Amino acid sequence: MAARTKSAKDRPSYRCTECGWTTAKWLGRCPECQAWGTVEEFGGAPAVRTTAAGRVSTAALPIGQVDSRQATARSTGVGELDRVLGGGLVPGAVVLLAGEPGVGKSTLLLDVAAKAASEDHRTLYVTAEESASQVRMRADRIRALNDHLYLAAETDLSAVLGHLDAVKPSLLVLDSVQTVASPEIEGAPGGMAQVREVAGALIRASKERGMSTLLVGHVTKDGAIAGPRLLEHLVDVVLSFEGDRHARLRLVRGVKNRYGATDEVGCFELHDEGITGLADPSGLFLTRRDEPVPGTCLTVTLEGKRPLVAEVQALTVDSQIPSPRRTTSGLETSRVSMMLAVLEQRGRISALGKRDIYSATVGGVKLTEPAADLAIALALASAASDTPLPKNLVAIGEVGLAGEVRRVTGVQRRLAEAHRLGFTHALVPTDPGKVPAGMKVTEVANMGDALRVLPRRSRAQAPQEDGARR
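Residues numbered from 1 in each chain as written. Predicted model: local features only at pLDDT ≥ 70, side-chain atom pairs only at ≥ 80, totals over all residues. Heavy atoms only, no water.

(A) The arrangement of the environment of His-148 in detail. Take His-148: it is sitting in the loop between helix H3 (132-142) and strand S6 (149-153). Of the residues examined, His-148 reaches a relative accessible area of 26% and is grouped as partly exposed. Sequence spacing of His-148 and Asp-120 is 28 residues, and the spatial spacing of their C-alpha atoms is 8.9 Å. With residues up to four places along the chain from it excluded, the contact list for His-148 reads Ala-117, Ser-118, Glu-119, Arg-122 and Thr-123. (Helix = DSSP H or I, 4+ residues; strand = E, 2+ residues; numbered from the N terminus. Buried < 20%, exposed > 50% of the residue type's maximum accessible area, 1.4 Å probe, protein only. Contact = heavy atoms within 4.5 Å.)

As structure tokens, this is what we get:
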């Protein structure tokens, strides 16, 4: 007797829990989002359907005849956020702002909601994680009260859509997309099906009404945006809100932007009265002193297109244990270890290997680009010899394992920022290009040339470093 063939309804189907891609057979890796181990069985195989041609809503036009004025950005009232967005919020755009808990996402968006609200442009702030009274208390604290800012506490998607019909806002702020659910979809809030339904409904409403939408998103413990990857594909702009909760500095980075560049960074300062934009944040990363201190060196880092002057500090002490400590804060441990090896082997500074070494940045800034290598190496050498570097000196350059100082991008922009803040001397790789007038620039090809900036009296204090000056 022939075996009965299973119908398409009985055959299992598989779906990626990250992006929602479906298939009729199991795969170890999703071909859509390239994630491993995310394809799971969820039900019958998808039926093959065909769609017939239908009536078009608007006729296709030559691209030159399309009116681009409908996509003109409107300012949010917060200059630093406008910088990252590319000028402001475009009507119909959906923006996802993700960050760690307590970093200040709700505070920033409540401030944006109040400043963007006007008689002609109402703003609706929907909170799904707090009560309306809690948000009102925060609004009182940061002075974010506006007669055209409407507040609602809802966790039901249909209720949120009802508020849109009643208020007719130009800007919607939803905090957060993972806590709103639709009763017509199975699954807990934050699941793939719920997030896809909530995001899809709000995106359709935004496009139909020409309403800008700001969505708050959660992140995982690794710092990635929580929820299905499909959410990042659906929205127009993805912003990452970063910052150490123990520091005042907050950074907004563009991860995806359909209306502008993704290499801009907005700087904010979080304080008791709320959050304010920093047009000149370099002051947070510097310690002003009358006299230079051993173990400190300044550099200029690029956050996107933005140059920021930052301070690197190092401290070396005699170790009391067989394995000396290596502690870093704001710096990559691997980069600091590489600079220690280069100083010992190429700079002939042997005192570092047997001492506890502590290195950090000022103001909570994180230096990850290789352009800070030269400043890290000079700060370590200055700490080892207990001799300060010259005053008003900045060091810019990548250091290789052979001891050479390599060129980095944006040297002219970095020097211009250092000169604007009053620094008069800079160490840079060879061929830096146009130099600001009145600034003394020393080109160094290797660590031996760079270490010569240490005063000569340090040689008598640390005879083991003589090889670095020969």
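(B) Main features of the sheet that holds strand S5 (residues 123-127). Strand order in the open sheet formed by nine strands is S6-S5-S7-S8-S4-S9-S10-S11-S12, with mixed pairing between adjacent strands. Edge positions in the open sheet fall to S6 and strand S12 (274-277), since each of these has one partner strand only. Each strand axis lies, on average, 20° off the axis of its neighbour in the sheet, ignoring direction. Pairing geometry for S5 and S6, over five bridges, is parallel. Among the inter-strand pairings, Val-126 is bridged to a residue of S6, identified as Ala-152. (Pairing = 2+ DSSP bridges. Axes fitted to C-alpha atoms, helices over the stretch in contact; angles between N-to-C directions.)

(C) Geometry of the pairing of strand S16 (residues 355-361). Burial of S16 is extensive: five of the seven residues sit out of reach of the surface. In the sheet, strand S14 (residues 306-318) pairs with S16 via seven bridges, with the strands oriented antiparallel. Each bridged residue has a counterpart across the sheet, and for Val-312 the counterpart in S16 is Thr-361. Relative to S16, strand S15 (residues 326-329) runs parallel, the two being bridged by four bridges.

(D) Examining the side chain of Thr-38 more closely. For Thr-38, the location among the structural elements is in the loop between strand S2 (22-23) and strand S3 (39-44). In contact with Thr-38, other than residues within four places in its own chain, are Arg-15, Cys-16, Thr-17, Glu-18 and Cys-30.

(E) Main features of the pattern of salt bridges. All chains considered together, the criterion is met by 22 salt bridges. Put simply, Arg-209 and Asp-165 hold a salt bridge, and the shortest N to O gap is 2.3 Å. Separated by 44 residues along the polypeptide, Arg-209 in helix H5 (residues 192-209) and Asp-165 in helix H4 (residues 157-167) bring together distant segments of the chain. Its relative accessible area of 38% is what places Arg-209 among the partly exposed residues. Asp-165 gets classed as partly exposed once you look at its relative accessible area, which sits at 44%. Among the salt bridges present, the one from Lys-207 reaches Asp-236, with a minimum N-O distance of 2.8 Å. Separated by 29 residues along the polypeptide, Lys-207 in helix H5 and Asp-236 in the loop between helix H6 (230-234) and strand S9 (237-242) bring together distant segments of the chain. Several salt bridges share partner residues, and in doing so they unite Glu-80, Arg-83, Glu-264 and Arg-306 into one network. (Salt bridge = Lys/Arg side-chain N within 4 Å of Asp/Glu carboxyl O.)

(F) Highlighting unusual backbone geometry. Here the residue pair Asp-175 and Ser-176 is connected by a cis peptide bond, since its omega of 5° sits within 30 degrees of zero. Structurally, Ser-176 can be placed in the loop between strand S7 (171-175) and H5. Residue Asp-431 is not a glycine yet carries a positive backbone phi of 60°. Residue placement: Asp-431 occurs in the loop between strand S20 (425-428) and strand S21 (440-443). Given a relative accessible area of 49%, Asp-431 falls into the partly exposed group.

(G) Spotlight on the environment of Asn-392. Mapping Asn-392 onto the fold places it in the loop between helix H8 (373-385) and strand S17 (393-395). Counting along the chain gives 100 residues from Asn-392 to Pro-292, while the straight-line C-alpha distance between them is 8.7 Å.

(H) Structural detail: the confidence of the model for the protein chain. With 91% of its residues at a pLDDT of at least 70, the protein chain reaches an overall mean of 87. Below pLDDT 50 for its whole length, residues 1-6 participates in one contact with residues either more than four positions away or in separate chains. Low pLDDT, under 50, characterises residues 457-470; the stretch is placed with 30 contacts to residues that sit more than four places away or in other chains. (pLDDT = per-residue confidence, 0-100.)

(I) Structural detail: the nonpolar core. If you look at the biggest cluster of nonpolar residues, it comprises 46 residues, and the most contacted ones within it are Leu-343, Leu-374, Leu-378 and Leu-380. Secondary-structure elements contributing two or more residues to this core are strand S10 (249-257), strand S11 (265-271), S14, helix H7 (333-345), H8, S17 and helix H10 (447-450). Here this core takes ten residues from H8, the largest share from any one element. Setting aside its immediate chain neighbours within four residues, Leu-378 contacts Cys-297, Leu-389, Ala-395, Leu-427, Ala-450, Leu-451 and Val-453. Formed by 32 residues, the second largest nonpolar core is a distinct cluster that contains Leu-110, Ala-113, Ala-144 and Ile-275. (Core = buried A, V, L, I, M, F, W, Y, C linked by side-chain atoms within 4.5 Å.)

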